[in-house]
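Topology and contacts: notes
If you want the building blocks of each chain, they are given just below.
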Amino acid sequence: MRRQLLFSLAALVVLAGGSARPLRAQTLEQPRARQGYWIGVGLVGVASRLNEEGKDRGFYTGDGFTFRIGQLLTERLGLGLLVEFGGIAKGSDQGGVGGLTLEGSATLWRGLSAHTGLGVGYVMVTDQDSLDKTLRGGAGSYFLAGASYDFFPWRKRLTGGWALTPTVDFRIMPDGNIHAYTVFAGLQVVWWSGLPRKMLVLPEE
């Protein structure tokens, strides 16, 4: 009986997978610039407020780099990976922040989208004027929320293309000896793959 149940479940999975493919192929979308996969790199400014073992250290600032890759799963919802890191400093303290995030995105209006995600990251600082150059900080999980807007100043295709994308990401890392509240804000250059012609509602011409 148990073996028959397993065979039945397996058959249902196969049939569901087989029926889902033609249904997906029949779903056509209007051509838009933000379609398909995306990959982007960016330069950002970093501002991070650090709380070290209960003591507020104030704001550390610096510059950083971001890398994003992902795909729109529906017309509005996407899933991707975000890598970010940067250097920060305040007075004689110098260090860095960074992390890897699994993020979801939702298109709100035209090129405007909101982002949220969970990641793992680090924050490390050291006093350059001290004889003891021991790194202070830690690593742990963090929460991310942000927004971006895709501009397509060189658009020549019905779907996909190059975009300039201002971004703002805010993340909270409550783990480790240093609790970090960090903002990454800057500009990305993003390439969108677009969709194949068979998935688009094309103009008559």
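The shown structure was predicted, so the numbers you read here are calculated from the model rather than taken from an experiment.

In terms of strand pairing, strand 3 (residues 77–90) meets strand 4 (residues 93–109) through 14 bridges, oriented antiparallel. Along strand 4, the bridge assignment pairs V83 with L100. Adjacent in sequence and paired antiparallel, strand 3 and strand 4 are bridged by 2 residues, among which G91 carries a positive phi angle near 60°. A loop of 2 residues connects strand 4 with strand 5 (residues 112–127), the two strands running antiparallel in sequence, and R110 in this loop sits at a positive phi of about 50°.

Among the nonpolar cores identified, the biggest contains 15 residues, and V46, L50, I88, V97, V123 and V125 are the most heavily contacted of them. Setting aside residues up to four positions removed in sequence, I88 forms contacts with V46, L50, Y60, T61, G62, D93, Q94, G95, G96, V97, V123 and V125. Listed in part, the 7 residues of the second largest apolar core include W38, F152, A163 and W192.

Turning our eyes to something else, we now look at the pattern of salt bridges. This model, assessed by the stated rule, comprises 10 salt bridges. For R34, the salt bridge goes to D150, with nearest N and O atoms at 2.7 Å. With a gap of 116 residues between them, R34 in the loop between helix 1 (2–26) and strand 1 (37–52) and D150 in the loop between strand 6 (136–149) and strand 7 (161–173) connect regions that are remote in the sequence. Judged by relative accessible area, which is 7%, D150 ranks as buried. Ionic pairing is found between R57 and E52, a salt bridge with its closest N-O pair at 2.9 Å. By relative accessible area, R57 is classed as partly exposed at 28%. Overall, E52 belongs to the buried group, its relative accessible area being 11%. Linked through salt bridges whose partners overlap, the residues forming this network are E52, R57, D93 and R136.

Rules used throughout
Residues numbered from 1 in each chain as written. Predicted model: local features only at pLDDT ≥ 70, side-chain atom pairs only at ≥ 80, totals over all residues. Heavy atoms only, no water. Pairing = 2+ DSSP bridges. Helix = DSSP H or I, 4+ residues; strand = E, 2+ residues; numbered from the N terminus. Core = buried A, V, L, I, M, F, W, Y, C linked by side-chain atoms within 4.5 Å. Buried < 20%, exposed > 50% of the residue type's maximum accessible area, 1.4 Å probe, protein only. Contact = heavy atoms within 4.5 Å. Salt bridge = Lys/Arg side-chain N within 4 Å of Asp/Glu carboxyl O.

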